[in-house]
Amino acid sequence: MELSSRVQAIKPSPTLAVTARAAKLKAEGKDIIGLGAGEPDFDTPQHIKDAAIAAINNNFTKYTPVGGTAELRDAIVKRHAADFGSDYKREDCMASVGGKHALFNAIQVLVDHGDEVILPVPYWVSFKDIVRFAGGEPVYVATDERHDFDLTDEMVERAITPRTKLIVLNSPSNPSGAVMKPDHMTSVLRLAHDRGIYVVSDECYVYLNFTGKLFSAGCVHEVKERLIIIGSLSKTYAMTGWRLGYALGPAPIISAMHKLQSQSTSNPTSIVQKAAVTALTGSQDCVKEMLKGYILLRDKVVAGLRAIPGLTCTSPNGAFYAYPNVSHYFERGGLNSASDVARRLLHEAHVAVVPGEGFGTQDHVRVSYAVSEENLARGLERMHKFFASV
């Protein structure tokens, strides 16, 4: 079978692969502690579920405009303005089938064959493959765990060439949980704007920020014409399976993304759009409560990982991932890579984590602490015993 070169240039998502292997072992009767998937353990808040039920009962089940209803797009714009002081209009906004879909649309309409796209490392697994699918060339900028994976404009500037078309930012970061300092993000945004380079800011975890100060690239108004913000309801409102994401950006780019989406999925699910409006316009207390829960879990996972001799782990300031360095155990007990560690943890300790190679680093594994306190404690105990045995 001859497949297209563009699909052969990409690989399956490593995170989804780990989830699938863990599910297979569970189906075989193994007691697997899943610290691999990036999915909240919280249930979707009841008032959001009730809105979806009401939408069904009211027969809101027909096609909608491709980029979402006017009601939804207005709700997205108003929520963002209330929280970040941004000034987007309805025509600057579109909804999509999850944040990943919005990201895919944005990169496909911006990146052409031979364009370079700057990706800070570690990066979310899908960034490089979506860039490659568009014909672009990823250019990697390494960050240092000794400096909390911080990214500065000087680091980005060194990677810029005449072929640079786009910079992808992700704060809070998946996988490291790092949060860019507001002044550092502002400097990168201004650098890109001055050089005529676009920025896609993936803000899937923007509300899961533990620093006490929410910050979005949309706060920096003067770079608006070169900025596309990607957002999602998945993590903020524990709505992963609902698949509702959005993009905010210059109207001509949003219009091009509409055109692309019109030839793929068309509109996001109508029922989910109604639920999303309720999530965005209703009380945000549920978001605050979940944030408190994640901070508690963050403290537990960092303490637990640091208690394992030889492991180092920065304290994440956002999202719900820890990114420990496991290289101390390389060349011990047949472990020679992060992939070896992840594979052995799954099959011997029955703990699922994601190896760092999928995120662009060789020495780490990603641990998701978006789980119950009980399962987190059990998973950490198993990890401690595993590393003590090698």
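The structure this text deals with has already been given above.
Fair warning: this is a prediction, and the values are worked out from it, not measured in the lab.

## Digging into the sheet that holds strand β9 (residues 321-322)
Here is step 1 of the chain: Within the open sheet, the three strands sit side by side as β9-β12-β11. Their pairing is antiparallel. Each edge of the open sheet carries a strand with a single partner, namely β9 and β11 (354-355).
Here is step 2 of the chain: Judged from the two bridges that link them, β11 and strand β12 (residues 365-368) form a sheet pairing that is antiparallel. Bridged to P355 within β12 is V365.

## Some words on the packing of helix α11 (residues 285-306) against helix α13 (residues 373-389)
Here is step 1 of the chain: At their nearest, the axes of α11 and α13 sit 10 Å apart, and the two run at 10° to each other. The pairing of α11 with α13 is recorded here as roughly parallel in orientation. Counting all contacts with α11, which are made through L296, L297, K300, V301, G304 and L305, the residues of α13 involved are E373, L376, L380 and M383.
Here is step 2 of the chain: Here the residues of the contact of α11 with α13 are counted per class, giving seven nonpolar, one polar and two charged.

## Considerations on the side chain of R73
Here is step 1 of the chain: Its place among the elements puts R73 in helix α4 (residues 70-84).
Here is step 2 of the chain: Put simply, R73 is tucked away with no salt bridge, and the nearest opposite charge, on E91, sits 6.3 Å away.
Here is step 3 of the chain: Here the side chain of R73 touches R90 through a polar contact of 3.1 Å, landing on its backbone oxygen.
Here is step 4 of the chain: Every residue in contact with R73, bar those within four places of it in the chain, is listed here: G67, G68, R90, E91, C93 and H258.

## Focus on the nonpolar core
Here is step 1 of the chain: With 50 residues, the main nonpolar core has L169, L189, L233 and Y237 as its most contacted residues.
Here is step 2 of the chain: By residue number, the principal contributor to this core is helix α10 (residues 270-281), which donates six residues.
Here is step 3 of the chain: Among residues more than four places away in sequence, those in contact with L233 are A238, M239, L244, Y246, A276, A279 and L280.
Here is step 4 of the chain: Grouped together as the second largest cluster of nonpolar side chains are 42 residues, F210, L297, V341 and V351 included.

## What to know about empty space enclosed by the protein
Here is step 1 of the chain: Under the criterion given, the structure shown has three cavities of 30 Å³ or more.
Here is step 2 of the chain: Approximately 200 Å³ is the volume found for the largest cavity.
Here is step 3 of the chain: Along the wall of the largest cavity there are 19 residues; nearest its centre are P120, P122, F149, N170 and S173.
Here is step 4 of the chain: The set of elements that each furnish at least two residues to the lining of the largest cavity consists of β3 (116-121) and β5 (164-170).
Here is step 5 of the chain: Sort the elements by how many residues they give to the lining of the largest cavity and β5 lands first, with three residues.
Here is step 6 of the chain: Its residues assigned to classes, the lining of the largest cavity comprises 13 nonpolar, five polar and one charged.
Here is step 7 of the chain: Taken as a whole, the second largest cavity encloses approximately 80 Å³ of empty space.

## Topic: the layout of surface pockets
Here is step 1 of the chain: Considered as a void within the structure, the largest pocket measures approximately 910 Å³ in volume.
Here is step 2 of the chain: The greatest single-element share of the lining of the largest pocket, amounting to seven residues, is contributed by helix α2 (residues 14-27).
Here is step 3 of the chain: Its volume calculated, the second largest pocket comes out at about 260 Å³.
Here is step 4 of the chain: Lining the second largest pocket we find 13 residues, and of these Y207, L214, V287, K288 and L291 sit closest to its centre.

What counts and how
- Residues numbered from 1 in each chain as written.
- Predicted model: local features only at pLDDT ≥ 70, side-chain atom pairs only at ≥ 80, totals over all residues.
- Heavy atoms only, no water.
- Pairing = 2+ DSSP bridges.
- Helix = DSSP H or I, 4+ residues; strand = E, 2+ residues; numbered from the N terminus.
- Axes fitted to C-alpha atoms, helices over the stretch in contact; angles between N-to-C directions.
- Parallel < 35°, antiparallel > 145°, perpendicular 65-115°, else oblique.
- Contact = heavy atoms within 4.5 Å.
- Nonpolar A, V, L, I, M, F, W, Y, C, P; charged D, E, K, R; others polar.
- Buried < 20%, exposed > 50% of the residue type's maximum accessible area, 1.4 Å probe, protein only.
- Lys, Arg positive; Asp, Glu negative; His and termini not counted.
- Salt bridge = Lys/Arg side-chain N within 4 Å of Asp/Glu carboxyl O.
- Polar contact = N/O pair within 3.5 Å; in protein donor to acceptor, adjacent residues only side chain to side chain.
- Core = buried A, V, L, I, M, F, W, Y, C linked by side-chain atoms within 4.5 Å.
- 1 Å grid on protein atoms, 1.4 Å probe; cavity = no way out; pocket = protein on both sides within 12 Å on 5 of 7 lines; lining within 4 Å.
- Points joined across faces, edges and corners; volume = space filled by probe spheres on them.

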